[in-house]
Each structure stands twice: as C-alpha cells, then as structure tokens.
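Residues per chain, in single letters:
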Amino acid sequence: MTIPIALTIAGSDSGGGAGIQADLKTFSACGVYGASVITALTAQNTRGVSGIHEVPAAFVTAQIDAVFGDLDVKAVKIGMVSQRAVIEAIVAGLARWSPRHVVVDPVMVATSGDRLLVPDAVDALRRLLIPRASLITPNLPEAAALLDDTVATSEASIAKQGERLLALGCAAVLIKGGHGDGPQSTDYLFRSNSVVQLAAPRIVTRNTHGTGCTLSSAIAAGLAKGLALEAAVREAKAYISAAIATADRLQVGHGHGPVHHFHAFERK
C-alpha cells in the first residue's frame, strides 16, 4: 500500500494541542503519512505561551531538503513562521521542490492571545509566501491583520476582505468564522470566480486550542489524498466540527484544552 504523504512546516507546541503536534495527529486521523519541518520551539501549554526559541533558517532549509529529497510529498501545510529569514527559506524551498498543493495558515496569535508572528515578518508573509499558496486559511482577526483593516462583522465586509486577500496572489482563501457570533459558524471559501459558504452549528466550549492548525492540516490531508479543493475543505470542516464537539471529553490541562483529534477512533 502506498500512503499519501503530507508535510507540515510549523512550530512545535510542547503542550501537544497545536502546531506540529496537532498537524501530525490530524494527518494520522485523516489517513495520510505526516512529515514535519519545525520552524520554532515553543514553551506552551493550555494556559499560554511562555517562551519561543527560533530555529535558524539554514536548519529549516536542511529539514525541507531532507524531506523532499526522499519523500513523495503530495501537499504542504505551513503554520507558524514568525521570522522573515525563515519565511524566505521556506519560499526558496517551495521554489526548489514545487509541491502541487500549499496550504498556508497565517498563525499570528495563539488561542491564549499570545502573539506568535513578529511585525517585520508580516510583510514577508504577504509578499513572498501568500502568493505561493494554493489556499490561505485566516480567521477573522488574522484576515484583518493581513490587510491592516478592522475585523469584518458582516457578510459584505467579509466578502471585501476575501477579494483583497485573493489580490495578494494566492489561488484561494478560506476566511474562518469561528470568531463570529450567532448559532452558526460560517466559513467562506473564495476563489477567482466563486464564493462558497460552509456553515456548521457553533459549539460552545473553551477547549478550542489548535483548531486553526487542525483545520488547515485536515485540508492538506484531503488534497494529499487527491480531493479537489472544495471537497477537501468540506471534509476538513466536518472533521474539525466533530473534533470540537468531542473536545470536552479529553479534560486536558487547566486552560484552553485541545480538540479531540482521534474522536472517530474513540471506543463506543
């Protein structure tokens, strides 16, 4: 059996709920083999981030070349990239190896509120990395931050921001509605000539650590398995919704606990 391979390029979460750890759990749960390139180490738990140790750009390059030089990577998910030099190394790696699918989750602020992306890296994210993306997956605050705008509060303002994000050069944009209000959590998938709304019941829980990482990784997993973009997004939306709905069963930590990545394998 040949298993599809997906690669995550992201930061490590020592608490296990987000970042590389969430990505690899998601890949496994979604039926793909996961490889990883670590961009930063974080001292982190469900209560917050207490420290960040950056991985040198040259070593990020070494990891990228080691993975692509041996593994048949079908899709790449990129998460926490907090330094300009690391972004430049990733962009150079993508140019060398030309993966078909690149999902960029512009991780700027952790669930706890801790800022993860230094200001001088934002320009590099916009100008260098986003144009290479098959899909970017900002939540409402991240979309606003990328555009130096206020957080969208209406469908019309979300649509305008989606169009502006597409103009940065990516092939598609998924603006996530988890930070919105109302009984439904609606995501908006923007492509050059279409907008698709994906709604799911809003789930009330404090255990949402790693939701963005998990969703973007689930999308990358679907793309690695050969799904078309919209189908991969829909499958990932169903997966994260179920992972959030079952998160309270885990009872991990004393802050914002993780989602339940392996809910489908839980004993009945």
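Keep in mind that this is a model prediction, so the values were computed, not measured.

Asker: Could you give an account of the state of the cysteines, with specific residues and numbers?
Answerer: One pass over the full model with this rule turns up 0 disulfides. With no disulfide of its own, cysteine 30 has cysteine 213 as its nearest cysteine by sulfur position, at a separation of 14 Å.

Asker: Account for the pattern of salt bridges, with residues named and values stated.
Answerer: As enumerated under the stated definition, the model contains 14 salt bridges in all. In this structure, arginine 84 and aspartate 123 form a salt bridge, with 3.7 Å as the shortest nitrogen-oxygen distance. With a gap of 39 residues between them, arginine 84 in helix H3 (residues 84-97) and aspartate 123 in helix H4 (residues 119-129) connect regions that are remote in the sequence. Residue class for aspartate 123 comes out partly exposed when judged on its relative accessible area of 31%. With a closest N to O distance of 2.3 Å, arginine 249 and glutamate 266 form a salt bridge. In this pair, arginine 249 is assigned in the segment after helix H8 (229-245) and glutamate 266 in the segment after H8, connecting sequence segments 17 residues apart. A relative accessible area of 53% means that arginine 249 is categorised as exposed. Residue classification places glutamate 266 among the partly exposed residues on the basis of a relative accessible area of 27%. Each of Arg84, Glu88, Asp123 and Arg127 takes part in one network of salt bridges that share partners.

Asker: Before we move on, can you summarise the pairing of strand S3 (residues 48-54) with the specific residues and values?
Answerer: With 6 bridges connecting them, strand S2 (residues 33-45) and S3 associate as antiparallel partners. Opposite glutamine 44, over in S3, you have valine 49 as the bridge partner. Taking the residues between adjacent antiparallel strands as the criterion, S2 and S3 are bridged by 2 residues.

Rules behind the numbers
Residues numbered from 1 in each chain as written. Predicted model: local features only at pLDDT ≥ 70, side-chain atom pairs only at ≥ 80, totals over all residues. Heavy atoms only, no water. Disulfide = S-S within 2.5 Å. Salt bridge = Lys/Arg side-chain N within 4 Å of Asp/Glu carboxyl O. Helix = DSSP H or I, 4+ residues; strand = E, 2+ residues; numbered from the N terminus. Buried < 20%, exposed > 50% of the residue type's maximum accessible area, 1.4 Å probe, protein only. Pairing = 2+ DSSP bridges.

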